[in-house]
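# Survey of secondary and tertiary structure
In case you want the letters, here they are:
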Amino acid sequence: MRVDILSKEYPPAVYGGAGVHVAELVRALRERGDVEVQVRCFGSPRDEADTTAYADLPELASANAAIQTFGVDLAMASDCEGADLVHSHTWYANFAGHLGSLLGGMPHVVTAHSLEPLRPWKAEQLGGGYRVSSFAERESYEGAAAVVAVSAGMRADILKSYPSLDPERVHVVHNGIDSQLWSRRPDEDVVRKHGVDPDKPSVIFVGRITRQKGLPYLIKAAASLPPDVQVVLCAGAPDTKEILAEVEGLMDGLRAQRPEGVVWIPEMLPRDEIVALLSAATVFACPSVYEPLGIVNLEAMACELPVVATATGGIPEVVMDGETGWLVPIEQVDDGTGRPVDPDAFVADLAGRLTEAVSDRERAKHMGLAGRARAVKHFSWASIGDRTMDVYRQVLGS
C-alpha cells in the first residue's frame, strides 16, 4: 500500500500540534514495514527519503496567503498519481488531497486538527482568505472517504459544523506522544539561562499567541497567584499584530504588579530546553478556548507535570480532573469564537485552580506521575499508527 501524506508542516518546520502529529504518525507508519509512505509538505527541500517539499509559487508572491496555499496544493495534487490513498492534514493541504483524489481516483482521508468554522478569528489574519480556507476545508471534508477526528469532542464538532457528513465516515483516532522524547529531564543550567529559578514554584505555558490558546486569560489570572510563584510563558508566533499588542499590554501590567518572577520567552525553543523548563515547573497551564485535543498537555504530562486546563473540546479526554490535573469550567458563547460567556468568572476559576496546584506541591507531584502513566498507556504512537491503518483498510475495503 502506498499512502501519500500531505501537510503544510513537516520537520524541521513544525510550529504546532498538527505538525507534531504528522511527523510522529509518519514515523510510526514507516516503522511498521507494511506501507510505503510518501510525504508531501510545504517549504524548503527536506533531506529525507520519500519526502518532497513544495515552495510557494513565485507568480503568487503578492497574492493573499490562502491563494498562495492553493498554488502549492495544485503542485502537490499533480504528484499524487500512483498512490493507493491520500491523507491530508489541516486546510492548507486538504485541498491538495481533495484534488489529488479526484485526479487519481484514489480515496482521500482527512485528519481534522481544527475546524475553520470554529476559528472565526482567523479572518483577522487572512482577511477574505478565511472564506477561501473555509471553502477548501468544507469541500475536502464533504468529499473525503473518511475523516479522522483527534478526539470524541472533535468528532462532535465536525458533525455539527458539517451536518451533511455521514457519521459512519468520521472516526476517532487520538493524538499521541513519544514518551521517550518527552520525559522528565531536569537541567538547572538551561532553566536558569532563561531566568527561571528551579527552586521556586512555577506555572508554565507553551503555545502560540493565537486566540484559541487563551493566553490573555492566563496573564490576567496570573495576577492573583501567590507572590512567590513564577509565571513562565513560552509563547511566540503571534497570528496578528493586534493580538501581539494585546499580550504585550497585559504583560506590561503583570510585570508592574509582579516585578519578579514573570518570564516571557517569545522564540521557539528546541525540545530539550522545553523539556527542561517543563521538568522544573510545578504545573502546566492550558487556558485554551478551542482545543481539539491538545498535544501540549500530553507533552507536559509525559514530563510528569500536572495540568490545569479548560474543560473544552478534547481536553477532558486527556486531563482527568482530580487525577492528572484540574479542569477549569467554562460556558462558551455559541458563535464559533469559544469566548467565555463570563470572562471574569473564567479568569477567577483559572486562577483558583492554579493557586490550588502551586499551594500543594506534593499533590501536584503525585498528579504529575499519574499523568505520565496515563500518557504512556493510552497515547503511544505505535497504537495510533495501528488505528490509522485500520481506517485506511476500511476505506480501501481490505
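The notes below deal with the structure included here. Every chain is numbered independently, its residues counted from 1 as its sequence is written. Local features in this predicted model are restricted to residues of pLDDT 70 or higher, and side-chain atom pairs are both shown and tallied only at a pLDDT of 80 or more, whereas totals for entire chains, interfaces and linings draw on every residue. As a rule here, side-chain values cover all heavy atoms of the structure and leave hydrogens and water aside.

### Some words on helix H10 (residues 271-280)
Rules: Accessibility here uses a 1.4 Å probe with only protein chains present; expressed as a share of the type maximum, an area under 20% marks a residue as buried, one over 50% as exposed, and anything in between as partly exposed. Put simply, DSSP marks the helices as runs of H or I at least four residues long and the strands as runs of E at least two long, and each gets a number from the N terminus on. Note on definitions: a residue-residue contact is assigned when non-hydrogen atoms from the two residues lie within 4.5 Å.
When you tally the buried positions in H10, you get 8 out of 10 residues, the bulk of the element. Regarding H10, the residues found buried are Glu273, Ile274, Val275, Ala276, Leu277, Leu278, Ser279 and Ala280. Contacts made by the buried residues of H10 are with helix H7 (188-193), strand S8 (202-208), strand S9 (230-236), strand S10 (262-265), strand S11 (283-286) and helix H11 (295-302).

### Here's the deal with the sheet that holds strand S3 (residues 51-54)
Put simply, the rule reads: Pairing between strands is defined by DSSP: at least two bridges between the two strands are required. Each axis is a line fitted through C-alpha atoms, and for a helix only the stretch in contact is used; angles between axes span 0 to 180 degrees, taken between their N-to-C directions.
Spatially, the 7 strands line up as an open sheet ordered S3-S2-S1-S4-S5-S6-S7, and their pairing is parallel. Edge positions in the open sheet fall to S3 and strand S7 (170-172), since each of these has one partner strand only. Adjacent strand axes in the sheet meet at a mean angle of 20° when their direction is disregarded. Seen against the sheet, helix H2 (residues 65-78) touches strand S1 (2-7), strand S2 (36-42) and S3 and runs at an angle of roughly 155° to S2.

### Considering the sheet that holds strand S13 (residues 325-328)
One open sheet holds the 6 strands; their spatial order is S10-S9-S8-S11-S12-S13, and the pairing between them is parallel. Of all the strands in the sheet, just S10 and S13 have a single pairing partner and so form its edges. The sheet shows a mean angle of 20° between the axes of neighbouring strands, direction not considered. Inspection of the sheet shows S8 paired to S11 by 2 bridges, in the parallel sense. Among the inter-strand pairings, isoleucine 204 is bridged to a residue of S11, identified as phenylalanine 284. On the sheet, helix H8 (residues 215-222) packs against S8, S9 and S11 and is oriented at approximately 165° with respect to S9. Along the sheet, helix H9 (residues 241-257) makes contact with S9 and S10, crossing S10 at roughly 155°.

### Thoughts on the packing of aromatic side chains
The test is simple: Two aromatic rings, drawn from Phe, Tyr or Trp (for Trp, its six-membered ring), form a pair once their centres lie within 6.5 Å of each other, and the interplanar angle then sorts them: stacked below 30 degrees, edge-to-face above 60, tilted otherwise. Charge over a ring is defined by NZ of Lys or CZ of Arg lying within 6 Å of the ring centre and within 35 degrees of the ring normal.
Counting across every chain of the model gives 5 aromatic pairs. Ring geometry for phenylalanine 70 versus phenylalanine 95: centroids 4.9 Å apart, planes at 20°, classification stacked. With phenylalanine 70 in helix H2 and phenylalanine 95 in helix H3 (residues 90-104), this pair connects stretches of sequence that are 25 residues apart. Neither phenylalanine 70 nor phenylalanine 95 differs from the other in exposure class; each is buried. Ring-pair connections join several aromatic residues into one group, and the members of that group are Phe70, Phe95 and Phe135. Over the aromatic face of tyrosine 92 sits the side chain of lysine 8, whose NZ or CZ is 4.9 Å from the ring centroid.

### Topic: the packing of H8 against H9
Short version of the rule: Oblique is the label for any angle not covered by the other classes, which are roughly parallel (under 35 degrees), roughly antiparallel (over 145) and roughly perpendicular (65 to 115). In this count, Pro and Cys sit with the nonpolar residues alongside Ala, Val, Leu, Ile, Met, Phe, Trp and Tyr, while Asp, Glu, Lys and Arg are called charged and the others, Gly among them, polar.
Between H8 and H9, the least distance of the axes is 10 Å, while the angle of their chain directions is 10°. The pairing of H8 with H9 is recorded here as roughly parallel in orientation. Taking contact as the criterion, the partners of Leu215, Pro216, Ile219, Lys220 and Ala222 in H8 are, on H9, Glu246, Val247, Leu250, Met251 and Leu254. Its residues assigned to classes, the contact of H8 with H9 shows 8 nonpolar, no polar and 2 charged.

### Section: the environment of lysine 377
If you trace the backbone, lysine 377 turns up in helix H13 (residues 361-378). The exposed category is assigned to lysine 377, whose relative accessible area is 65%.

### A closer look at the nonpolar core
The condition is simple: Residues grouped as a nonpolar core are buried Ala, Val, Leu, Ile, Met, Phe, Trp, Tyr and Cys residues, joined through side-chain atoms within 4.5 Å.
The biggest cluster of nonpolar side chains holds 53 residues, and the ones touching the most others in it are Ile158, Ile204, Cys234, Leu278 and Phe284. Core analysis: the second largest hydrophobic core is formed by 35 residues, Leu215, Tyr217, Ala222 and Val308 among them.

### Describing the environment of valine 275
Looking at the element boundaries, valine 275 is found in helix H10. With 21 residues separating them along the chain, valine 275 and valine 296 place their C-alpha atoms 11 Å apart. Sequence-distant contacts of valine 275, defined by excluding residues within four places in its chain, comprise Leu181, Trp182, Ser183, Arg185 and Cys303.

### Structural notes on the side chain of serine 88
Within the secondary structure, serine 88 is located in strand S4 (residues 85-89). Residue serine 88 is classed as buried on the basis of its relative accessible area, which comes to 0%. Residues in contact with serine 88, not counting those within four places in the same chain, are Leu6, Ala93, Asn94, Gly97, His108, Val109, Val110 and Thr111.

### So, the packing of H11 against H13
Two packed helices can be described by the angle between their axes and the distance between those axes. Rules: By definition, any crossing whose near helix is turned counterclockwise from its far helix by less than a right angle is left-handed, and any crossing with a clockwise turn is right-handed.
Running from N to C, H11 and H13 point in directions that differ by 115°, and their axes come no closer than 7 Å. For the crossing formed where H11 meets H13, the hand is left-handed. Contact with H11, carried on its side by Leu298, Met301 and Ala302, involves Gly368, Gly371, Arg372, Arg374 and Ala375 of H13 and no other residues of that element. For the contact of H11 with H13, a count of residues per class yields 4 nonpolar, 2 polar and 2 charged.

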